[in-house]
There are 2 protein chains.
Amino acid sequence: MEDPCFVYHRHIVRHAGLEPVPVPVDDGGMRIDILARSGADVALVTPAHQSPTGVVLAPERRTALVAWAEEHDAIVIEDDYDAEHRYDRDPVGALQGLAPERVVYGGTASKTLAPALRLGWLVVPQRMVESIRREKYLADQGTARIEQHAFADFIARGELDRHLRRMRSRYRARRDALVTALERELPEARVKGIAAGLHVTVELPPGHDEQAIKAAAHQASIRFSVLGDYDASGPPTLMLGYGALAEAAIGAGVRELARIVRET
Amino acid sequence: MEDPCFVYHRHIVRHAGLEPVPVPVDDGGMRIDILARSGADVALVTPAHQSPTGVVLAPERRTALVAWAEEHDAIVIEDDYDAEHRYDRDPVGALQGLAPERVVYGGTASKTLAPALRLGWLVVPQRMVESIRREKYLADQGTARIEQHAFADFIARGELDRHLRRMRSRYRARRDALVTALERELPEARVKGIAAGLHVTVELPPGHDEQAIKAAAHQASIRFSVLGDYDASGPPTLMLGYGALAEAAIGAGVRELARIVRET
């Protein structure tokens, strides 16, 4: 598993009786050289936009990850949770396309439409279809049908594409407003990760206490996660989500946040 | 587990790594005296309308089942899957009401509204709430919200009660038409179980081959399960569902079925 990783992933893996092996993430994503020495049987990755750091898996590492899976008869689980939201260039293709018989691909409507729909999908190697189908059947006899039909219709009529294009420019404007305000109000902070997704990763200079900042901000109704929430260690880092923010409110929010950072 | 039982239940139990212990069902439901000698830690029952036989758990056995759970520090899982559909008298109260700290109760909208909603609910002993909440969270992070809100509204406005009253008289008419047609066309068959649910259990005289009858009927677009589909042995028995039949079509369907039974 990526280190740091989406904490829910680790809980699921542990709960399934598996042993999570942390593999460090740097600016190029998971360190595949360290994965190769780890003895792991499966790699769970978020290559399009690493959760939580926001980096993208570098092209040579994508190739190396697939080669690792072939060599070790291993499986790659690709959580493509917000691949649709990339603002600076076209989205990266899925790993799944490189090695369909090695990659278990998961996508979701949670980031593009709403988590309340509980809609996601898997693309899995042919040999695993039947056993995964059976697991799903025994877990819940299948997902609610009305949403599935509505979502299929939404895609077929081209509405999802139109929605994504519309939201991409809105999210991009929110992200730009957030990054600009951070540069102005908190010049000592460093925005990390690529121009994608629905949050920015903001690294503060050493000495700041991210949990104290989070608690003080919460008092002022500014809510976010910090790196430590992902059981990860590193410089103090705030994860600022902008998916649900009004663009016009971002400047004042960051000004208030900057005051809190200085006073905490 | 009840023997015979709803086969899906047994698959889930086995898949969870538990060992199903079959306990015979007679006209009064599960034989609690045999359960008490079985060494089981948990009893999974369908007391309001046993699946598949359609019998109801007798009052003295309800008391005995709860006493068994208290004595053995055991859990009763009550699947109340179609308790709402009883035609001859008011529905029996749930076991859960007798022993809230011993019974894990499950209800569903699948029989009253539609299985496509995938809506159900649990009422569980206080000490189990947190661990069950966590299992659910790790399994799927929760159920689709739109249906939950719509269903809550449907209940709050009294629409579910109105729907149940309306459907109860329709289902009752369908059941009556089915039972009358069976008496006329297949007098040698015996209708078992109580006037409840959405299917009738029809026992044929010995010598009939239930699987051959099922296959021949399927050819004639008359589809049903038979006792053997529940991994149970006993006299040849057909499970005839009427939830989705038009009342007017029932007579002709039973006439055709009777011809198939005689010719197979």
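Everything below is about the structure printed above this text.
An account of the accompanying structure is given in this report. These figures come from a predicted structure and were not determined experimentally.

Here is what the cut-offs are and how they apply
Residues numbered from 1 in each chain as written. Chains lettered and ligands numbered in written order. Predicted model: local features only at pLDDT ≥ 70, side-chain atom pairs only at ≥ 80, totals over all residues. Heavy atoms only, no water. Helix = DSSP H or I, 4+ residues; strand = E, 2+ residues; numbered from the N terminus. Rg over C-alpha atoms; globule rule 2.2 N^0.38 Å. Buried < 20%, exposed > 50% of the residue type's maximum accessible area, 1.4 Å probe, protein only. Contact = heavy atoms within 4.5 Å. Areas by Shrake-Rupley, 256 points an atom, 1.4 Å probe, with all protein chains shown as cover. Salt bridge = Lys/Arg side-chain N within 4 Å of Asp/Glu carboxyl O. Least-squares fit on C-alpha atoms with pLDDT ≥ 70 in both. Pairing = 2+ DSSP bridges.

Moving on to the overall build of chain A. Within chain A, the secondary structure is distributed over eight helices and 11 strands. Since a compact globule built from 264 residues should have a radius of gyration of about 18 Å, the 19 Å found for chain A is in line with a globular shape. In terms of overall dimensions, chain A has C-alpha extents of about 55 × 45 × 35 Å along its principal axes. Scored against the burial criterion, the 264 residues of chain A give a buried share of 46%. Residue pairs in contact within chain A that sit at least 24 positions apart in sequence constitute 67% of those at least 6 positions apart. Working note: accessible area of chain A is about 13,200 Å², and carbon and sulfur atoms make up 53% of it.

It is worth spelling out the pattern of salt bridges at this point. Residue and element names in this part refer to chain A. Evaluation of the coordinates by the stated rule reveals 40 salt bridges over all chains. Between Asp73 and Arg102 there is a salt bridge, and its shortest N-O distance comes to 2.9 Å. Of the two residues, Asp73 is situated in the loop between α3 (59-71) and β5 (75-79) and Arg102 in the loop between β5 and β6 (103-108); the sequence distance between them amounts to 29 residues. We classify Asp73 as exposed; its relative accessible area is 59%. Close ionic contact of Lys214 with Asp229 constitutes a salt bridge, the shortest N to O distance being 2.9 Å. Note that Lys214 is positioned in helix α7 (residues 210-219) and Asp229 in the loop between β10 (225-226) and β11 (237-241), a separation of 15 residues in sequence. Lys214 gets classed as partly exposed once you look at its relative accessible area, which sits at 25%. Judged by its relative accessible area of 26%, Asp229 falls in the partly exposed class.

Superposition record for chain A on chain B: RMSD 0.0 Å, screw rotation 180 degrees, translation along axis 0.0 Å. The superposition of one copy onto the other is thereby described by a two-fold rotation axis. Looking at the rotation axis and the C-alpha trace of chain A, the residue lying nearest is A:Ala144, at 3.7 Å. Most of the interface of chain A is mirrored in chain B: 100% of its interface residues are interface residues there too.

Now for the sheet that holds strand β3 (residues 29-30) of chain A. Residue and element names in this part refer to chain A. If you trace the three strands from one edge of the open sheet to the other, you get β1-β2-β3, paired in mixed fashion. The open sheet has two edge strands, β1 (2-3) and β3, and neither has a second partner. The pairing of β1 with strand β2 (residues 23-26) spans two bridges and is parallel. If you follow Glu2 over to β2, its bridge partner there is Val23.

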